[in-house]
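# Reading the structure
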Amino acid sequence: MQHNKVLILDFGSQYTQLIARRVRELNIYSEIYPYNKIPDQLESYNAVILSGSPVSVRSDEALHPDLSNIRGKKPILAVCYGAQYLAHFSGGEVSESNTREYGRANLAYIKEEEDFFENIHKGSQVWMSHSDTIKQLPEGGVLLASTEDVENAAFKIENEQTYAIQFHPEVYHSTDGHQLLHNFLIKIARVNQDWTPQSFVEETVDDLKAKLGNDKVVLGLSGGVDSSVAAMLLHKAIGKNLYCIFVNNGLLRKNEFEDVLHQYEGMGLNVKGVDASARFLDALAGKSEPEEKRKIIGRVFIEVFDDEAHSIQDVKWLAQGTIYPDVIESVSATGGPSATIKSHHNVGGLPDFMKLKVVEPLKSLFKDEVRRVGASMNMDSQLLGRHPFPGPGLAIRILGDLTREKVRILQEVDAIFINNLKSWNLYDKVWQAGAMLLPVNSVGVMGDERTYEKCVALRAVESTDGMTADWVNLPYEFLQKTSNEIINRVKGVNRVVYDISSKPPATIEWE
Ligand code: XMP
């Protein structure tokens, strides 16, 4: 079945992905393309959204694609730079603004009788971020809204389904943004809301069946959300022909290997748990440089996975849990030619399993959609709600060199921290949490004895994608109890600190 879909042309705004997600929250499928790579198959799109951009329409680096195949032919919603460019492209005038508008503003005038503004009223708060302004509307332009400072805050072009807004409907602070996108897409462009987790599952399973037939597929499970949901979709499509491999690198959380393996088996997956802890820990012995540790773990993983993949006869495909943000072609801030697609699998000089054909059932989904798809397959909510965990695991949370004893200590500390977050109902409010074992000993006193033992740092952050993050203001009582429990229960630790650094400038992991 062909879904209705919306094309989002990206001019490099930091909010472009947010537009795509907001559209999908309306159960409408959307795709992002760079502004200079307008797809040939325009007829398959029901509406087009032009994103914002960090550059000015008037600058030398201006991004000026030819919109003549779109304007007047498809419903358009042009946002911020998109609105300015649409005005410029259509013969209007854009100039530098006397008053820059950043942040909160209110719509002081609204042409309320318009379908575009159904259920939106004068005074509505919008989020602005621009220093240029549309001075003169293009021919046929009709003013739809103004703020105190910006007259042409919204306009349409007469006798077309062409709409332009200077503000950002996709951000949370534009309080009627969701309604506005709804009005444009559903009332004006009449796009069908036919994109749901259930329909995604049904269609993906059918596609996978057709694509894979009786072929065997191998997939590396990590215990994380993406690989688990990808596995469930493939399992529905090809059952026992899906061979999952779950590797214990000895750097997982306490009991994680056993618990997650058990959970996978309960889901009916054909999964092989491979305990390669010794191989990883031996290879890491004496290594303390973070990037070297990462490289070793990556290399050993490939060796282990390759051995296992070889033990499956006639395997043809490698499945990966790649998601949409990994494959969106990005537009560089200046619109230069640096646009690239991140590659997950290259050719040549690679282990055999990487020469398999690749199947990526989640590659059109955002992270929150992966969770919704998992939920619609009745997957365990605890599995779907798990915090992200880095591939190199505890190795990059043990600063400096790594020993089995340090891994054991950190696993104990981490388990207390995470279990307490769960029992205080804080786990779901935190994006990621973990403990770091620091390479310092400090003096303490226990009973009447002097101690000289390890220090651990706890870290809990809120974030949406890990690119930026802030520390979470955990209750003092929680920290007090957790610190006490760690020091009393974990032999070898006599000091606990809490990390209050944001990213940037700090990173989430300490290595
Ligand atoms: P940083 O420390 O860069 O982390 O702020 C951002 C996010 O990425 C995770 N991370 C990794 N994940 N391999 C991974 O699979 C790695 O080498 C790695 N390093 C960091 C980190 O846990 C956080 O979610």
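Residues numbered from 1 in each chain as written. Predicted model: local features only at pLDDT ≥ 70, side-chain atom pairs only at ≥ 80, totals over all residues. Heavy atoms only, no water.

Per an unreviewed UniProt entry, the protein chain goes by GMP synthase [glutamine-hydrolyzing] and derives from Winogradskyella pelagia. Under the UniProt heading Catalytic activity (unreviewed entry), the entry covering the protein chain gives this text: "XMP + L-glutamine + ATP + H2O = GMP + L-glutamate + AMP + diphosphate + 2 H(+)". The record in UniProt for the protein chain states the following under Pathway (unreviewed entry): "Purine metabolism; GMP biosynthesis; GMP from XMP (L-Gln route): step 1/1." (UniProt positions renumbered as here; feature names shortened; annotations may be inferred.)

### Comments concerning the site of the ligand
The full set of residues close to the ligand is R294, P390, G391, P392, I396, W431, Q432, G466, K503, T507, I508 and E509. In this structure, an oxygen atom belonging to the ligand sits 2.7 Å away from a side-chain N or O atom of K503. Isolated, the ligand exposes 490 Å² of accessible area, and the fraction of that covered by the protein chains is 68%. A breakdown of the residues in the shell around the ligand according to their chemical character gives five nonpolar, four polar and three charged. (Near = heavy atom within 4 Å. Polar contact = N/O pair within 3.5 Å; in protein donor to acceptor, adjacent residues only side chain to side chain. Areas by Shrake-Rupley, 256 points an atom, 1.4 Å probe, with all protein chains shown as cover. Nonpolar A, V, L, I, M, F, W, Y, C, P; charged D, E, K, R; others polar.)

### A closer look at the sheet that holds strand 10 (residues 216-221)
What the five strands build is an open sheet, ordered 12-11-10-13-14; its pairing is parallel. The sheet terminates laterally at strand 12 (271-275) and strand 14 (357-359), the two strands that pair on one side only. Along the sheet, successive strands turn relative to each other by an average axial angle of 30°, direction set aside. Pairing geometry for strand 10 and strand 11 (residues 242-248), over five bridges, is parallel. Looking across to strand 11, one finds that L219 is bridged to C244. Against the sheet, helix 6 (residues 256-266) engages strand 10, strand 11 and strand 12, with an angle of about 170° to strand 12. (Pairing = 2+ DSSP bridges. Helix = DSSP H or I, 4+ residues; strand = E, 2+ residues; numbered from the N terminus. Axes fitted to C-alpha atoms, helices over the stretch in contact; angles between N-to-C directions. Contact = heavy atoms within 4.5 Å.)

### Section: the packing of helix 7 (residues 277-284) against helix 8 (residues 290-310)
The geometry of helix 7 relative to helix 8 is characterised by a closest axis approach of 10 Å and an angle of 150° between their N-to-C directions. By the angle class used here, helix 7 and helix 8 are roughly antiparallel. The handedness of the crossing between helix 7 and helix 8 comes out as right-handed. Counting all contacts with helix 7, which are made through R279, F280, A283 and L284, the residues of helix 8 involved are K293, I296, I297, V300, F301, E303, V304 and D307. Its residues assigned to classes, the contact of helix 7 with helix 8 comprises eight nonpolar, no polar and four charged. (Parallel < 35°, antiparallel > 145°, perpendicular 65-115°, else oblique. Left-handed = near helix turned anticlockwise from the far one by under 90°.)

### Details of the layout of surface pockets
The method is simple in principle: a probe with the dimensions of a water molecule rolls over the atoms, and the space it marks as empty is what remains. Counted as a void, the second largest pocket has a volume near 550 Å³. Contributing to the lining of the second largest pocket are 20 residues, with F200, T204, D207, P361 and S364 lying nearest its centre. Sorting the residues of the lining of the second largest pocket by element identifies strand 2 (29-34), helix 4 (197-212) and strand 14 as the ones contributing at least two each. Counting residues per element, the lining of the second largest pocket draws most heavily on helix 4, at six residues. Across the lining of the second largest pocket, the residue classes tally to nine nonpolar, four polar and seven charged. (1 Å grid on protein atoms, 1.4 Å probe; cavity = no way out; pocket = protein on both sides within 12 Å on 5 of 7 lines; lining within 4 Å. Points joined across faces, edges and corners; volume = space filled by probe spheres on them.)

### Some thoughts on the environment of V304
Within the secondary structure, V304 is located in helix 8. The contacts of V304, once residues within four sequence positions are left out, are V247, V274, A276, R279 and F280.

### Describing unusual backbone geometry
Cis geometry marks the peptide bond from K503 to P504; its omega dihedral reads -15°. In this fold, P504 is placed in the segment after strand 18 (493-498). Residue P505 follows P504 across a cis peptide bond; omega there is 10°. Mapping P505 onto the fold places it in the segment after strand 18. The residue N159 is not glycine, and still its phi comes out positive at about 60°. Looking at the secondary structure, you find N159 in the loop between strand 8 (154-157) and strand 9 (162-165). Since its relative accessible area comes to 80%, N159 is described here as exposed. The phi dihedral of N255 falls on the positive side, at around 60°, and the residue is not glycine. By the secondary structure assignment, N255 is in the loop between strand 11 and helix 6. On the basis of relative accessibility, which here comes to 44%, the residue N255 falls in the partly exposed class. (Buried < 20%, exposed > 50% of the residue type's maximum accessible area, 1.4 Å probe, protein only.)

### Examining the packing of helix 4 against helix 5 (residues 225-238)
Viewed as axis vectors pointing N to C, helix 4 and helix 5 meet at an angle of 60°, and their least axial separation amounts to 8 Å. When the axis of helix 4 is compared with that of helix 5, the two are oblique. Of the two possible hands of crossing, helix 4 and helix 5 adopt the one that is right-handed. Residue-level contacts link F200, V201, T204, V205, L208, K209 and L212 of helix 4 to L233, L234, K236, A237 and I238 of helix 5. A breakdown of the residues in the contact of helix 4 with helix 5 according to their chemical character gives nine nonpolar, one polar and two charged.

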